[in-house]
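Chain residues, written in single-letter form:
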Protein chains: 2
Amino acid sequence: MPASGPDPIQELIAALARLPGIGEKTAARLAFHILDQPEVYAQELARALVAVKARVRLCGECQDLTEDDPCRRCRDQSRDRTVVCVVARPQDLRAVDRTGAFRGRYHVLHGVLSPLDGVGPDQLRIKELLRRLEGGEVREVIVATGPSVEGEATALYLSRLIAPAGATVSRLAVGLPVGGDLEYADQATLGRALENRTPVGPGGGEGAGTTKR
Amino acid sequence: MPASGPDPIQELIAALARLPGIGEKTAARLAFHILDQPEVYAQELARALVAVKARVRLCGECQDLTEDDPCRRCRDQSRDRTVVCVVARPQDLRAVDRTGAFRGRYHVLHGVLSPLDGVGPDQLRIKELLRRLEGGEVREVIVATGPSVEGEATALYLSRLIAPAGATVSRLAVGLPVGGDLEYADQATLGRALENRTPVGPGGGEGAGTTKR
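I will try to describe carefully the structure that is included in this document. Remember, it's a predicted structure, so these values are computed and weren't measured experimentally. (Residues numbered from 1 in each chain as written. Chains lettered and ligands numbered in written order. Predicted model: local features only at pLDDT ≥ 70, side-chain atom pairs only at ≥ 80, totals over all residues. Heavy atoms only, no water.)

Quick look at the state of the cysteines now. All names here are of chain A. Applying the stated criterion across every chain, the model contains zero disulfides over all chains. We note that Cys59 lacks a disulfide partner, and the nearest cysteine sulfur, in Cys62, lies 3.8 Å from it. Given a relative accessible area of 0%, Cys59 falls into the buried group. Considering cysteine sulfurs only, Cys62 is the nearest to Cys71, which forms no disulfide, with 3.6 Å between them. (Disulfide = S-S within 2.5 Å. Buried < 20%, exposed > 50% of the residue type's maximum accessible area, 1.4 Å probe, protein only.)

Residue and element names in this part refer to chain B. Neither face of strand β5 (residues 140-143) is exposed, since Glu140 and Ile142 on one face and Val141 and Val143 on the opposite face are all buried. As paired strands, strand β3 (residues 80-87) and β5 are joined by four bridges and run parallel to one another. Along β5, the bridge assignment pairs Val86 with Val143. Taken together, the four bridges between β5 and strand β6 (residues 168-171) define a ladder with parallel strand orientation. Directly across from Ile142, in β6, lies its bridge partner Ser170. Following the backbone out of β5, through helix α7 (residues 149-162) and into the adjacent parallel β6, one traces a crossover that is right-handed. (Helix = DSSP H or I, 4+ residues; strand = E, 2+ residues; numbered from the N terminus. Pairing = 2+ DSSP bridges. Right-handed = clockwise from strand over helix to strand, strands pointing away.)

Moving on to the nonpolar core. Among the nonpolar cores identified, the biggest contains 45 residues, and Leu12, Leu16 and Ile34 of chain A together with Leu12, Leu16, Ile34 and Leu49 of chain B are the most heavily contacted of them. At the level of elements, α1 (8-16), α2 (24-36) and α3 (39-55) of chain A together with α1 (8-16), α2 (24-36) and α3 (39-55) of chain B are the ones that each hand at least two residues to this core. (Core = buried A, V, L, I, M, F, W, Y, C linked by side-chain atoms within 4.5 Å.)

Moving on, we come to the interface of chain A and chain B. Reports of interface size often rely on the accessible area that becomes lost once the parts have come together. Listed per partner, the contact involves 48 residues of chain A and 48 residues of chain B. Considering only the surface of chain A that becomes buried against chain B, Phe32, Leu49 and Lys53 of chain A emerge as the three largest contributors, covering 15% of it. For the pair chain A and chain B, the interface holds two salt bridges. With a closest N to O distance of 3.0 Å, Arg18 of chain A and Glu44 of chain B form a salt bridge. At the surface where chain A touches chain B, the tally comes to 10 residue pairs in polar contact (both at pLDDT 80 or more). Tallying contributions element by element places α3 of chain A first for the side of chain A that touches chain B, with 14 residues. Across the side of chain A that touches chain B, the residue classes break down as 30 nonpolar, five polar and 13 charged. (Contact = heavy atoms within 4.5 Å. Buried area = accessible area lost by both parts, 1.4 Å probe. Salt bridge = Lys/Arg side-chain N within 4 Å of Asp/Glu carboxyl O. Polar contact = N/O pair within 3.5 Å; in protein donor to acceptor, adjacent residues only side chain to side chain. Nonpolar A, V, L, I, M, F, W, Y, C, P; charged D, E, K, R; others polar.)

Structure follows, in structure tokens:
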């Protein structure tokens, strides 16, 4: 007996093709792979999809995605409360955390200023950041937005807002990647690496071009 | 209050990373995109995943993936019952069907012979194909497996099984792709294109190297 309704394979392909970077052909490949797998795989993936939206919310303090409010990192008393690292997106927070080089607190803006895309200060979690600075406990805010035009503009905007609160504002260094080759570096990056050159030898380690320290 | 159990974001990333061609980084990008979308999107994708496995089965005749048994194409009386196009995978059937150049029936093997991967004749839907040929109605079987070693071996194997049933067996032509450039064609393809050259002009159209016709 003919079933009613649209073809479930086409429906799955259409749903998958709405993911970023997944075209119609890749979506079809994924759909047929899923069809080829035991039913439990599709069920597990479906369960994970529903769970992630049902259980994950924003931490009231750092605005990161979390199941618990306050989140694990905000509850961690071993983390330095005097330094806040501001990132654009939750995945940036995880990238910074993976380095193991930062043991302070985080704050997620959920975007960067981008007037052309209709993203102004009110669309970002800036009010929540300023509220966290009110106690005067925070000494330094590291604005770890990316070195793009929007990321730089966001950092500049935040530095002006934060200055009155008494905290110093710093940025991530821009320069050559570790293991990077001068020959293949883009002009802008190489230019910034030159500008932000750091002294070598005894007493070295501080960036010659570093300001706001 | 801390939630128990694993992090739902990590769980989703792990489930997505099990898809073919999706690494850990792409899976993370997809997961954070899904988190960024309205809840209804994750729910729709989850529903499509469960539906595809719950509703799709194999057609008892052509062995294609279908909701209905027999499938839409097997029920279509306008399709030529005397020609069967044998393909390795359901997605290959769809590729042939999209050309609009074939109006016969299909048969899906669900793989090609590959002894090194443990795929022998019993793992493929070959018995079901031979059963379809028993009536003597089928005149021609087009073995449309890919021009790989396994695809060719499968075609040769099938041709030996099918010959006693009285049907002729043909293969897809191998040659240059439409719009293809001789300079960039691989040696093997160009060699086969030369071997399978077709006459031009009045009386042309049949391949000079075509056999088994």
